Amino acid sequence: MVGGEGNAYGHGLERVWNALRETDGFAMLNLEEAILLRERGWKGPILLLEGFFHVDELELFDKYRLTTSVHSNWQLKALQNARLHSPIDVYLKVNSGMNRLGFAPERVHSVWQQLRGMSNVGSMTLMSHFAQAENTDGIVEPMQRIEQAAEGLDCPRSLANSAATLWHPETHFDWVRPGIVLYGASPSGHWQDIANSGLKPVMTLSSEIIGIQNLKPGDAVGYGSRYRATEEQRIGIVACGYADGYPRIAANGTPVLVDGIRTGTVGAISMDMLAVDLTPCPQAGIGASVELWGENIKIDEVAASAGTVGYELMCAVAPRVPFVTV
């Protein structure tokens, strides 16, 4: 079951879903995007990971045959009282210690039986999530809680996120839910961890040089004069900034690729522009190609320079950025 959260991690669900249609199912957050998949012809399972937010949404779950997670008492009552044309499939969420959504393990048996007794409920799956599956021992305690919850229940399970799918096969059970790895980034935030996996980045953020400046020693670059040249230096101005989704707080030296040569940013990132050091690539001029992240500049590198994770950068690419599907 592939993850379509965050508009397919910023890639655009409508652009990429066809490439993922060999999956057994989609897992997502947005009801409108789930309906979009149905209207585009997807007939397989669609799981809404946070379930329905309001009682009246159950009408749409019923109409479009969507699967809901159940993690709260009010959802139990809503399902019990809903008038549906046919039963809805349910994923019962266990709180494995992450303390976001889900029932405590000791409540799962009673909730399971309560759901099992509802005519509005179809098939049932036990579901959970891992907070630290990128760590070697990160699933030990959560799995203990899940096993406590599942004791005596003969049921399908859906537990594994991207990290668990890669590194903890004992969590796979009936359904795995890969997300970030589908788009070629590491769930650990370290690209080296997937370097030998065969995974390739799906998204490339690229632009070009639109201006050249020749600095003298002491010349400053950008807002706040965050960078000053210590010697004569040639810099390029790139048409991309934080209004496009590039992280404003990226540090000096954040890697970029100019004309196929690795270099780094200089100065503060502006709304619509950023500056790069052209010392390693003296041949680069107006119109030179710039890869901000992609096959050569790993998104995890850029994220680390900005104190965040690749997930955020993917999801933050602005609507004004033109997307080209290759």
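Residues numbered from 1 in each chain as written. Predicted model: local features only at pLDDT ≥ 70, side-chain atom pairs only at ≥ 80, totals over all residues. Heavy atoms only, no water.

A. Structural detail: the sheet that holds strand 7 (residues 157-160). Strand order in this open sheet of 8 strands is 1-2-3-4-5-6-7-8, and the pairing throughout is parallel. Two strands close off the open sheet at either side, each with one partner strand: strand 1 (2-3) and strand 8 (175-176). As paired elements, strand 6 (residues 121-127) and strand 7 share 2 bridges and run parallel to each other. Of the residues in strand 7, the one forming a bridge with Leu126 is Arg157. Those strands touched by helix 6 (residues 105-116) are strand 5 (88-93) and strand 6, and its axis lies near 160° from that of strand 6. (Pairing = 2+ DSSP bridges. Helix = DSSP H or I, 4+ residues; strand = E, 2+ residues; numbered from the N terminus. Contact = heavy atoms within 4.5 Å. Axes fitted to C-alpha atoms, helices over the stretch in contact; angles between N-to-C directions.)

B. Geometry of the UniProt feature "domain: Alanine racemase C-terminal" (unreviewed entry) in the chain. Annotation from UniProt places "domain: Alanine racemase C-terminal" (unreviewed entry) at residues 202-326. The span residues 202-326 is 11% helix and 32% strand, and its two end C-alpha atoms sit 10 Å from each other. (UniProt positions renumbered as here; feature names shortened; annotations may be inferred.)

C. The arrangement of the pairing of strand 13 (residues 255-258) in detail. Side chains Pro255 and Leu257 project from strand 13 onto one buried face, and the interleaved Val256 and Val258 project onto a second face that is buried too. Examined bridge by bridge, strand 13 and strand 14 (residues 261-266) share 4 bridges and lie antiparallel to one another. The residue bridging Val256 from the neighbouring strand is Thr263, located in strand 14. Between strand 13 and strand 14, which pair antiparallel one after the other, the connecting turn spans 2 residues, and Asp259 there sits at a positive phi close to 50°. Pairing of strand 13 with strand 16 (residues 289-293) involves 2 bridges; the strand directions are antiparallel. Each residue of the ladder has a partner; that of Val258, found in strand 16, is Val290. (Buried < 20%, exposed > 50% of the residue type's maximum accessible area, 1.4 Å probe, protein only.)

D. Inspection of the UniProt feature "binding site: substrate" (unreviewed entry) in the chain at higher detail. As recorded in UniProt, the feature "binding site: substrate" (unreviewed entry) lies at Arg100 and Met271. These annotated residues cover 172 residues of sequence, and their C-alpha atoms reach 33.9 Å apart at the extreme, placing them across more than a single site. Within the element layout of this structure, Arg100 appears in the loop between strand 5 and helix 6. Classification of Arg100 by relative accessible area gives exposed; the value is 56%. Mapped onto the elements of the fold, Met271 is located in the loop between strand 14 and strand 15 (274-277). Discounting chain neighbours no more than four positions away, the residues touching Met271 are Gly241, Tyr242, Ala243, Asp244 and Arg320.

E. Molecular detail of a nonpolar patch on the surface. A grouping of Leu166, Trp167 and Leu199 is seen on the molecular surface, where their side chains present a nonpolar patch of about 220 Å² in accessible area. By secondary structure assignment, the location of Leu166 is in helix 8 (residues 162-167). (Patch = residues over 30% accessible without salt bridge, like charges linked within 9 Å, V, L, I, M, F, W, Y side chains within 5 Å. Areas by Shrake-Rupley, 256 points an atom, 1.4 Å probe, with all protein chains shown as cover. Salt bridge = Lys/Arg side-chain N within 4 Å of Asp/Glu carboxyl O.)

F. The arrangement of the domain arrangement of the chain in detail. Domains assigned within the chain are domain 1 (2-183) and domain 2 (205-316). A straight line from the C-alpha centre of domain 1 to that of domain 2 covers 40 Å. (Domains from an automatic or database assignment.)

G. Focus on the side chain of Ser96. Residue placement: Ser96 occurs in the loop between strand 5 and helix 6. Polar contacts involving the side chain of Ser96 include one to the main-chain carbonyl oxygen of His129, which spans 2.6 Å. For Ser96, the contacting residues outside a window of four places in its chain are Ser128, His129, Pro142, Arg145 and Ile146. (Polar contact = N/O pair within 3.5 Å; in protein donor to acceptor, adjacent residues only side chain to side chain.)

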